[in-house]
Amino acid sequence: MPIHNHIVRDAHGRPDAAGLIARGVLLSVEIGVHPSLAKKATPGPPVFGKALVDTGATSTAIDRNVPQRLGLSPAGARDILTPNGRATAQLYAVELRFPGIDLPSVPSTQVAGVTLAELGLVALIGRDVLSRFVVTYNGPLGLVTLAH
């Protein structure tokens, strides 16, 4: 069973519960075209960046600039609820990979395009993707474990 332990550490290398609260769980992510679309078009190169694990998000979202970089057209639209209220988001079919982490890739056809770049993120990992993993949040140790 692939397991990834994400430990937030302080400046001295010790587990840091306060850092986990302040920064959250950030994973390296590679966003590519969904496998079902990869054969139909010439996709752009994958987009690499940071993704925030967001247990408060029902569904996964990507920065609205990512689809253009991948050469994707919207696969639909959906109303979403954000901290700023309701909005309509374009939906895209992508595959999420986690470079350097022994976790499987996750194809998804329903990721929403939203503004994330100003937060330094390319994706928010929502409960739709997290539902494929066993997630353990150990606040006192500043540790989050993802297993498949």
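Quantities reported herein were computed from a predicted structural model and do not represent experimental measurements.

S.K.: Residues and numbers for the overall build of the protein, please.
M.R.: Within the protein, the regular secondary structure consists of four helices and 10 strands. Moving toward the C terminus, one meets the helices and strands of the protein in the order β-α-β-α-β-β-α-β-β-β-β-α-β-β. Its C-alpha atoms give the protein a radius of gyration of 16 Å, within 12% of the compact-globule value 15 Å for 148 residues. Judged by the C-alpha coordinates and their principal axes, the protein covers about 45 × 35 × 25 Å. Buried positions account for 41% of the 148 residues belonging to the protein. Restricting to contacts in the protein with at least 6 residues of sequence separation, those with at least 24 account for 63%. For the protein, the accessible surface area stands at approximately 8100 Å², while carbon and sulfur atoms represent 55% of it. Between the mean site of the 13 positive side-chain charges and the mean site of the 10 negative ones, the protein shows a separation of 3 Å.

S.K.: Tell me about the pairing of strand β7 (residues 106-114), and please be specific about residues and values.
M.R.: Taken together, the three bridges between strand β4 (residues 61-63) and β7 define a ladder with parallel strand orientation. Residue pairing across strands places D63 opposite V114, the latter belonging to β7. Note: strand β6 (residues 85-97) against β7, five bridges, orientation antiparallel. From the neighbouring strand, V94 faces β7, where its bridge partner is S108.

S.K.: Explain the pattern of salt bridges residue by residue, including any values.
M.R.: Evaluated as defined, the whole model comprises four salt bridges. D10 is paired through a salt bridge with R14; the nearest N and O atoms lie 3.2 Å apart. When its relative accessible area of 23% is taken as the criterion, D10 is described as partly exposed. Between E95 and R97 there is a salt bridge; the shortest N-O distance is 2.6 Å. Given the relative accessible area of 13%, E95 is considered buried.

S.K.: Summarise the sheet that holds strand β1 (residues 3-7); cite the residues concerned and give the values.
M.R.: Strand order across the open sheet formed by three strands is β1-β10-β9, with antiparallel pairing between neighbours. Among the strands making up the open sheet, the edge pair consists of β1 and β9 (134-138). Neighbour-to-neighbour, the strand axes of the sheet open up by a mean angle of 10°, direction not taken into account. Judged from the five bridges that link them, β9 and strand β10 (residues 143-147) form a sheet pairing that is antiparallel. Paired with V134 across the bridge in β10 is A147.

Rules behind the numbers
- Residues numbered from 1 in each chain as written.
- Predicted model: local features only at pLDDT ≥ 70, side-chain atom pairs only at ≥ 80, totals over all residues.
- Heavy atoms only, no water.
- Helix = DSSP H or I, 4+ residues; strand = E, 2+ residues; numbered from the N terminus.
- Rg over C-alpha atoms; globule rule 2.2 N^0.38 Å.
- Buried < 20%, exposed > 50% of the residue type's maximum accessible area, 1.4 Å probe, protein only.
- Contact = heavy atoms within 4.5 Å.
- Areas by Shrake-Rupley, 256 points an atom, 1.4 Å probe, with all protein chains shown as cover.
- Lys, Arg positive; Asp, Glu negative; His and termini not counted.
- Charge placed at Lys NZ, Arg CZ, Asp CG, Glu CD.
- Pairing = 2+ DSSP bridges.
- Salt bridge = Lys/Arg side-chain N within 4 Å of Asp/Glu carboxyl O.
- Axes fitted to C-alpha atoms, helices over the stretch in contact; angles between N-to-C directions.

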